[in-house]
Amino acid sequence: MTIKQYMQDNLLLLDGGMGTLLQSAGLQPGELPETWNLTHPDAITAVHKAYFDAGANVVNTNTFGANRFKFSPDELRSVVAAAIANAKKARAESTSEKPMFIALDIGPTGKMLAPLGKLDFEDAVSVFAEVVRLGAEYGADLVFIETMNDSYETKAALLAAKENCSLPVFVSCAYGEDGKLMTGASPAAMVAMLEGMGADAIGVNCSLGPKALFPVVREYLSRASVPVLVKPNAGLPKVENGVTVYDVLPDEFSEDVAEMIKNGVRIAGGCCGTTPDYIAALNRAVSGLSPIPVTEKNITCVSSYTHTVDFGAAPVLIGERINPTGKKRFKEALRAHDMDYIRGEGIAQTERGVHILDVNVGLPEIDETAVLTDAVCELQAILDTPLQIDTASPAAMESALRRYNGKPMINSVNGKKESMDAVFPLAKKYGGVIVALTLDESGIPETASGRFEIAKRILTEAEIYGIQKKDIVFDPLAMTVSADNNAARETLSAVRMIHDELGCHTSLGVSNVSFGLPQRERITSVFFSLALGAGLSAAIMNPYSESMMTAYHSYLALAGLDDACAGYIAYASALADTAPAVQGSAAQNPASAPTGASAPTGASAPTGASAPMGKSSLSGATDLQNAVIRGLRDRAGTLTADAIKAGADPLSVVNDDIIPALDIVGVGFEQKTVYLPQLLMSAEAAKAAFEAVKFAATAEKSAARCAFVLATVKGDIHDIGKNIVKLLLENYGFAVSDLGRDVPPETVAEEVIRLHAPMAGLSALMTTTVPAMEDTIKLLREKAPWCKVVVGGAVLTQEYADAIGADKYAKDAMDTVRWAVEVEERLKAEEV
């Protein structure tokens, strides 16, 4: 019996933690746990057997951190082969009568993917693929991707698994107390992407105990149409008598997880701090429970790396302006590969209230595959607005879909067999909501019934590829009324038929209806209102058009989709304040479009849509501040250099523009309105501005702060958090000495003494390396008692930090920066 067959009618129990058990067996601080597959195989086998005997159906191999960044190719092969052999031996020796399966365990690489870090997406896919191929070769029953905290790296891992083996793939992510991944993804966003890409089970693990994880689990259960898994920690870690313990005991843990199973979780186990006793207690707690059937949720949604936009609650606005058709300046930007212009268009439309951005770069004289892919990556680097990938080229479409971070709209397929054969396999592999045009080899039917018949055929063909109708949005094609008096009427009828009889969502490029007529916006806006009334789900439209935005907000108010008409009132008030700009050149010049007239979020926004990053903070900001806030690196550097050339005091530029902009983004990050990718891109933009300032030696000297030593402690190679802290500290003027990762305590102490640094920051991701952090702090207390120490990392808590003697526990990078600024200012005051 395969694991997928067993899952159909049974609960599936997973194993628990590995690291803490190995520590108790003698694993030394800094020693790689994966090497024990070779040096201590009996110890690894004993852990696996204990979990099988406790009632687990699945054990994860001891390969969580096994990849090319830790091991040579030959070493990696030996580690994976031994890990699977140890698990197989445990299975053979177990007394359990349950079906038992072996999962190839894959954890994060410990590196941030570009543009936030240096690891290219395809390189990440390659790193994961090496491990997947070895796991399949040596006989794993499934692939278990776990503890992922970045949606982009998660996509790379899942893609590597799907491309390099035929095994079932489970994917589990680690959420913070705010219910988001480290890089900002909501549970809904991860469900959309992972389910769209074909993961066999999805869920959550690590970070928190079962009670704290329940809200995230509930969101998964409300949206997932595949089995949901959960592997909580045994609560939070603390130190008692020098030993790390957790605050949730087996009975409480099993009761809480059993409650999740009663709510629909199908797969459950434990993570950090859990032992075979926890799994045995869980096995007893669920012995009489029947699994809740997995149901189809029928949610049509797209996602970015932070959130989803759902179809059906309120009409979705898709910005049409990133398209060269009829736009001379845009064509020039494409020929010149001017990504600043494309980014500016994306920002301006998002500020005007669109929920999705259409991205079309189709020009005959450019490399569309390369430019479309670059445009998608550049837009996603600075915006969390979901994208609609718009191209007639299958090669360009696949390249952009592969790099897209989330679940995009795919524009488009049509009823021609050639089109469906090209597009449907891509949508099945990468996930996405497909825009389906109701035309075929015979052209566009004149009647609504003809278009309806094509829509039915498209659904039938999509089903052959395993694509559900929830992932298809039909475009019944708005035709120009100047050529056919019945054109608008037939399109509106087709919208109603597709909505009412097929239960599918629809989208229209509404401006086509008025082609060739004077005062086009008047016709277009009325048609838009009629289409909304007919059940239109989405429109590709010009958000700079006052008449279109007015029609949209008026419809929401009249249709009962705007509670107390709050959205309409806010829109009308903003419109009154910015009327000259709206009526002027905004439609031709996005830079002049007012930010105040954009669509308010809330009742009038589609479910899941979020406000543009930092939007409310941009009013009154200077151009340089806007560039830093928006993460426009090149523009920030150019504006800074130009200001200094024009006579601006470099120190004033730093104090009046760059630092205030960083503070705005930092506050947004702390308030959870700005996410890590946006924070880092802003920091990169500020870095470019500082580089321009450094040409003025007096400003550089005046802006400098004290020395700050950073290190990831001995035995830990995960340096994402440390690198983020470094970037932000440098932007605030600190002289950072980055010692890297896997740093011995002696090296940290020597550097602090050499620089007489008043502060040091220590990072650790794994519970097995926290003792090395404590050793480092003890040595600093002895050798450099003046140095204040801040600690951070996924396994740390305030109580844990206090127990190992740290001066500060930082919950995130900005917390470290705020503390460092306070300490330095206090030291300066003491000197005075």
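Reading the values: the criteria
- For every chain, the first residue of the written sequence is number 1, and numbering continues from 1 onward in sequence order.
- Totals for whole chains, interfaces and linings use every residue, but because this is a predicted model, local features are given only for residues with pLDDT of at least 70 and side-chain atom pairs only at 80 or more, for both listing and counting.
- To get the side-chain values, all heavy atoms of the structure are used, and hydrogens and water are removed first.
- A fitted line through C-alpha atoms serves as each axis, taken over the contacting stretch for helices, and the angle formed by two N-to-C directions is quoted from 0 to 180°.
- Numbering goes from the N terminus for both helices and strands, where a helix is a DSSP run of H or I of at least four residues and a strand is a run of E of at least two.
- In these notes the angle categories are as follows: under 35 degrees is roughly parallel, over 145 is roughly antiparallel, 65 to 115 is roughly perpendicular, and the rest is oblique.
- If you view the pair so one helix is near and one far, a crossing is left-handed when the near helix is turned anticlockwise from the far one by less than a right angle, and right-handed when it is turned clockwise.
- Every residue pair with non-hydrogen atoms within 4.5 Å of one another is taken to be in contact.
- When residues are sorted by character, Ala, Val, Leu, Ile, Met, Phe, Trp, Tyr, Cys and Pro go into the nonpolar class, Asp, Glu, Lys and Arg into the charged class, and all the rest, Gly among them, into the polar class.
- Between the rings of Phe, Tyr and Trp (Trp by its six-membered ring), a pair exists once the centres lie within 6.5 Å; its type follows the angle of the planes, with under 30 degrees stacked, over 60 edge-to-face, and the other angles tilted.
- Buried, partly exposed and exposed residues are distinguished by accessible area as a fraction of the type maximum, computed with a 1.4 Å probe on protein chains only: under 20%, between the cut-offs, and over 50%, respectively.
- In this scheme, Lys NZ or Arg CZ marks a charge over a ring once it lies within 6 Å of the ring centre and within 35 degrees of the ring normal.
- A helix is expected to reach a length of 1.5 Å times the quantity of its residues less one.
- Strands were regarded as paired on the criterion that DSSP finds at least two bridges between them.
- Take a side-chain nitrogen of Lys or Arg and a carboxyl oxygen of Asp or Glu: if they are within 4 Å of each other, that pair is a salt bridge.
- Residues enter a nonpolar core if they are buried and are Ala, Val, Leu, Ile, Met, Phe, Trp, Tyr or Cys, with the set joined through side-chain atoms within 4.5 Å.
- Consider the strands pointing away from the viewer: the crossover is right-handed when the path from the first strand over the helix to the second runs clockwise.
- Confidence per residue, as judged by the predictor, is encoded in pLDDT with a range of 0 to 100.

Peer 1: So what exactly am I meant to see when it comes to the packing of helix α4 (residues 41–54) against helix α11 (residues 276–285) here?
Peer 2: Working note: a packed helix pair is described by the angle between its axes plus the distance between those axes. As a packed pair, α4 and α11 sit with axes 8 Å apart at the nearest point and diverge in direction by 15 degrees. When the axes of α4 and α11 are compared, the pair comes out roughly parallel. α11 is crossed by α4, and the crossing has right-handed handedness. Residues A50, Y51 and A54 of α4 lie in contact with α11, whose contacting residues are P276, I279, A280 and N283. Tallied by class, residues from the contact of α4 with α11 come to six nonpolar, one polar and no charged.

Peer 1: How should the packing of aromatic side chains be read in this particular structure?
Peer 2: In this description, an aromatic ring pair is defined by two values, namely the gap between the centres and the angle between the planes. This structure, assessed with the given rule, holds eight aromatic pairs. Seen in terms of ring centroids, Y6 and F101 are 6.3 Å apart; in terms of plane orientation they differ by 50 degrees. Their pairing is tilted. Remark: F101 occurs in strand β3 (residues 101–106) and Y6 occurs in helix α1 (residues 3–7); sequence separation between them is 95 residues. The pair formed by Y6 and F101 is uniform in burial state, with each residue classed as buried. Measuring from centroid to centroid gives 6.3 Å for F708 and F734, while their planes differ by 75 degrees, and the two rings are edge-to-face. A residue pair is termed long-range when its members are at least 10 positions apart, and F708 in strand β21 (residues 707–712) and F734 in the loop between α28 (720–731) and β22 (735–738) qualify at 26 residues. The exposure classification of F708 matches that of F734, with both residues buried. In this arrangement the basic side chain of K111 is found over the ring face of F69, its NZ or CZ atom lying 4.9 Å from the centre. For the cation-ring pair, K231 lies above F144, with the distance from its terminal atom to the ring centre recorded as 5.2 Å.

Peer 1: Quick question: what am I supposed to make of α4 here?
Peer 2: Three or four residues apart is the spacing at which side chains of an α-helix point the same way, because the helix has 3.6 residues per turn. Given a rise of 1.5 Å per residue, 14 residues ought to cover 20 Å, and the 20 Å separating the end C-alpha atoms of α4 matches this to within 8%. Count one or two residues on from α4 and you reach G55, which has phi positive near 120 degrees.

Peer 1: What is the right way to look at the sheet that holds strand β23 (residues 759–763) in this model?
Peer 2: Hydrogen bonds along the backbone pair up the strands of a sheet, which may run parallel or antiparallel. Taken together, the five strands give an open sheet; going across it, the order is β22-β21-β23-β24-β25, and neighbouring strands pair in parallel fashion. For this open sheet the edge positions go to β22 and β25 (808–809), each flanked by a neighbour on one side alone. Relative to strand β24 (residues 788–792), β23 runs parallel, the two sharing five bridges. Counterpart to S763 in the pairing with β24 is G792.

Peer 1: Looking at this structure, how should I read the pattern of salt bridges?
Peer 2: Side chains that carry opposite charge are capable of pairing whenever their charged atoms lie near each other. Applying the stated rule across the entire model yields 40 salt bridges. Here D338 and R329 are joined by a salt bridge, their closest N and O atoms 3.3 Å apart. Here R329 falls in the partly exposed class, since its relative accessible area comes to 38%. We note a salt bridge from K407 to D471, for which the minimum N-O separation is 2.8 Å. Here D471 lies in the loop between α17 (448–464) and β18 (472–475) and K407 lies in the loop between α15 (394–403) and β16 (409–414), a separation of 64 residues in the sequence. As far as burial versus exposure is concerned, K407 and D471 are alike and both buried. Among the ionic contacts, a cluster of salt bridges with common partners joins E122, E163, R402 and K429.

Peer 1: Sorry, what's going on with helix α7 (residues 151–164) here?
Peer 2: Compared with an ideal rise of 1.5 Å per residue, which puts 14 residues at 20 Å, α7 spans 20 Å between its outermost C-alpha atoms and is within 8% of the ideal. Along α7, eleven of the 14 residues are buried, which leaves the element largely enclosed by surrounding structure. Those residues of α7 that are buried lie in contact with α6 (121–137), β4 (142–148), β5 (169–173), α8 (187–197), α15 and α16 (417–430).

Peer 1: Please clarify how the nonpolar core should be interpreted in this entry.
Peer 2: One recurring pattern in soluble globular proteins is that nonpolar side chains are buried together. Core analysis: the biggest nonpolar cluster contains 176 residues, and I145, Y220 and I658 have the highest contact counts within it. For this core, the leading source of residues is helix α26 (residues 676–693), giving ten residues. Excluding residues within four positions of it along the chain, I145 makes contact with I106, A157, L158, A161, V169, F170, V171 and S172. Within the second largest apolar cluster, 29 residues are counted, among which are V713, L780, V789 and Y800.

Peer 1: So what exactly am I meant to see when it comes to the pairing of β4 here?
Peer 2: For a regular strand, side chains alternate in direction, first toward one face of the sheet and then toward the other. Within β4, seven of the seven residues are buried, which leaves the element mostly enclosed by the surrounding structure. Here β3 runs beside β4; their pairing, made up of four bridges, is parallel. Its bridge partner being in β4, L104 is matched across the sheet by V143. In the sheet, β4 pairs with β5 via four bridges, with the strands oriented parallel. Residue I145 lies in a different strand from β5, and its bridge partner there is V171. You can see the chain leave β4, run along α7 and come back into β5, and the turn it takes is right-handed.

Peer 1: Just to check I follow, could you spell out unusual backbone geometry for this structure?
Peer 2: Backbone geometry follows two general trends: most residues other than glycine have a negative phi, and most peptide bonds adopt the trans configuration. Of note, the amide linkage connecting A114 to P115 takes the cis form, showing an omega dihedral of 10 degrees. Tracing the chain through its elements places P115 in the loop between β3 and α6. Residue S412 follows N411 across a cis peptide bond; omega there is 20 degrees. With respect to the helices and strands, the residue S412 is situated in strand β16. Residue H337 is not a glycine yet carries a positive backbone phi of 50 degrees. Checked against the element boundaries, H337 lands in the loop between α12 (328–335) and α13 (339–351).

Peer 1: Can you walk me through the environment of P394 in this structure?
Peer 2: Mapping P394 onto the fold places it in helix α15. Relative accessible area serves as the criterion here: at 39%, P394 is assigned to the partly exposed category. Remark: the alpha-carbon pair of P394 and S419, spanning 25 residues in sequence, is separated by 9.0 Å. Setting aside chain neighbours within four positions, we find P394 in contact with A422 and L426.

Peer 1: Help me understand the packing of helix α10 (residues 250–262) against α11, please; the structure alone is not making it clear to me.
Peer 2: Running from N to C, α10 and α11 cross one another at 45 degrees; their axes reach a closest spacing of 8 Å. The orientation of α10 relative to α11 falls into the category oblique. Note that α10 runs across α11; the crossing there is right-handed. Residues P250, D251, F253, S254, V257 and A258 of α10 form the contact with α11, whose participating residues are D277, Y278, A281, L282 and A285. Per-class residue counts for the contact of α10 with α11 are eight nonpolar, one polar and two charged.

Peer 1: Honestly, the confidence of the model for the protein chain in this entry has me stumped. Any pointers?
Peer 2: On average, residues of the protein chain score 91 in pLDDT, and 94% of them are at 70 or above. Low pLDDT, under 50, characterises residues 580–603; the stretch is placed with 49 contacts to residues that sit more than four places away or in other chains. pLDDT under 50 marks residues 610–617. Its contacts with residues more than four places away, or in other chains, come to 17 contacts.

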